[in-house]
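# Close look at the chain arrangement
One letter stands for each residue in the lines below.
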Amino acid sequence: MAKEMLHPTKTHREKINSDHRLKQLVDRSTECATELRDLYEDRDGLRKEEVAALSGPNEFAEFYTRLKSIKEFHRKHPNEISIPMSMEFEELTKARENPTEEMQNMVEFTDEEGYGKYLDLHECYEKYINLKGVERVDYITYLSTFDQLFDIPKERKNAAYREYLQILLEYLESYCNRIKPLLELQEEMEEVRSDFERQWGDGMFPGWPKEAMGALTHAGAHLDLSAFSSWEELASLGLDRLKSALMALGLKCGGTLEERAQRLFSTKGKRLQDLDATLFAKSKPGKAGKSRDSERQKELAALEAQAYRLAELLGEQRAATRDNVQRKQARTGEEREESDEEHFSDDDSDDDDDDIPYNPKNLPLGWDGKPIPYWLYKLHGLNINYNCEICGNYTYRGPKAFQRHFAEWRHAHGMRCLGIPNTAHFANVTLIEDAVALWQKIKSSKEMERWKPDMEEEYEDSTGNVVTKKTFDDLKRQGLL
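Here's what I pulled together on the structure shown here. (Residues numbered from 1 in each chain as written. Predicted model: local features only at pLDDT ≥ 70, side-chain atom pairs only at ≥ 80, totals over all residues. Heavy atoms only, no water.)

## What to know about the overall build of the protein
In terms of helices and strands, the protein carries 24 helices and four strands. By the burial criterion, 29% of the 481 residues in the protein qualify as buried. For the protein, the proportion of contacts with a sequence separation of at least 24, taken over those separated by at least 6, is 53%. When the accessible area of the protein is evaluated, it comes to approximately 31,700 Å², of which 52% is carbon and sulfur surface. (Helix = DSSP H or I, 4+ residues; strand = E, 2+ residues; numbered from the N terminus. Buried < 20%, exposed > 50% of the residue type's maximum accessible area, 1.4 Å probe, protein only. Contact = heavy atoms within 4.5 Å. Areas by Shrake-Rupley, 256 points an atom, 1.4 Å probe, with all protein chains shown as cover.)

Dropping the structure here:
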């Protein structure tokens, strides 16, 4: 294994083949170690019986009996020889130094994958665009967003979505095993499951917020109570909207506007089984259906967690695939055919692709894999870095990317974690402290602008004087009207 690791690998193909040879050596070593451990533990008792027979009173008779069986075996098989394990290592060394065609293609890849350089997600892409309710995107956009599963509404995550997710996971796992055979994928998945259980319990898993555990989401209503801070705000929705929300929960939907608003607001952040039984109408929703729905949602979220980790592990191949598809689309048909012929007939192209371009100023790479001109770098302001604390201290190059990121998923997810809506009020706000302070100021200003009936509702007494509702009630109680 040390010789294999020290052997220089120049091309991408050699690196993958070297990893697979190392995997074979590791598996062989594990197999031998397991066999030796079983022999030393002597679970079947054969070793103990053999030692007892050789150390007993008839040890010489046992010795000659075994010698006779050995001679008999070699008489029947005169050309039988024992091949030591060192011969296996010598065969591997010869195959490494003088590889055959079979040893050069140890792993099976499609033409689109380029022997482990790129992803081939065409089948998954076709499955994705045939899902109901998802946005139709091109293949390049899909390569950038196929792991943004939290953007898909959970109402659209049905049986077809589960099937798509399983196909995507199956391909990503197979591809990861082929290009990274030394990676312990099972351990990675176990870690993903433990992290998922913790995030799911805290309600922090992307795409499945804690509000999804509340009563409204269990019943399928679309009224989000997190946007309301009091029952007075709910009352502004009107009788019909409150009635439909209460009916969706199976609660009593009668009474005045204030009673309906208070009854609906009391369900905020609670599960149906935690509510007072007197609030329900005659037919209360069954618990069995709710538990099955919750289990189904949890299984889907667990599959999404595995997809997130696999996409993270294959980030380098994903970026290379996106660049490769863009290059192919920019070429003519003749240029594409010539490129394919050079790729499949000449392995020297691997050396060119793996060479690190001369880039002393750390300029971004263009579509051809080479650094862009310095004047273009300065023109777009890419020499200026912008840091956003809300995005997890992510750094953006240039003002164009910085302004665009306020409408992208990373910034929106950061604002959602802070409990702040990502509106135009928070444009160009990158610090968490500033965003929280601005949100408090906006909420206080809205509180001041809210209509207060006691102070703003006007009444007229019998003599024609106009007073507020509070003053009118006081005068009425005192009998002055």
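The discussion continues.
## A closer look at helix α21 (residues 409-418)
Because each turn of an α-helix spans 3.6 residues, side chains separated by three or four positions end up pointing in the same direction. Buried within α21 are the following residues: H411, G414 and M415. Taken around the axis of α21, the buried residues stretch over an arc of 95°, which confines them to a single face. Where α21 is buried, its residues touch β1 (385-388). One or two positions beyond α21, positive phi appears at G419, with a value near 75°. (Arc of directions from axis to C-beta.)

## Some thoughts on the packing of aromatic side chains
Tallied over the full model, the rule gives 21 aromatic pairs. Seen in terms of ring centroids, F150 and W409 are 5.6 Å apart; in terms of plane orientation they differ by 50°. Their pairing is tilted. A residue pair is termed long-range when its members are at least 10 positions apart, and F150 in the loop between α8 (139-145) and α9 (159-179) and W409 in helix α21 qualify at 259 residues. Exposure remark for F150: the relative accessible area of 18% places this residue in the buried category. Aromatic pair Y161 and Y164: ring centres 6.4 Å apart, planes at 45°, arrangement tilted. Placement of the pair is Y161 and Y164 together in helix α9, with a separation of three residues, close to one helical turn. Considered together, Y161 and Y164 belong to a single accessibility category, that of buried residues. Taken together, the ring pairs in this structure connect Y125, Y128, Y139, Y142, F146, Y161 and Y164 into an aromatic cluster. The ring of Y374 is capped by K361, whose NZ or CZ atom sits 5.1 Å from the centre of that ring. Across the ring face of Y394, the terminal group of R410 is positioned such that the distance to the ring centre comes to 4.0 Å. (Phe/Tyr/Trp six-rings, centres within 6.5 Å; stacked < 30°, edge-to-face > 60°. Lys NZ or Arg CZ within 6 Å of the ring centre and 35° of its normal.)

## Focus: the packing of helix α13 (residues 239-249) against helix α14 (residues 257-265)
For the pair α13 and α14, the least separation of the axes is 10 Å and the interaxial angle reads 40°. Considered as vectors, α13 and α14 are oriented oblique to each other. Relative to α14, the crossing made by α13 is left-handed. Only L257, R260, A261, R263 and L264 of α14 make contact with α13, whose side of the interface consists of L239, L242, K243, A245, L246 and L249. Taken together, the residues of the contact of α13 with α14 break down into eight nonpolar, no polar and three charged. (Axes fitted to C-alpha atoms, helices over the stretch in contact; angles between N-to-C directions. Parallel < 35°, antiparallel > 145°, perpendicular 65-115°, else oblique. Left-handed = near helix turned anticlockwise from the far one by under 90°. Nonpolar A, V, L, I, M, F, W, Y, C, P; charged D, E, K, R; others polar.)

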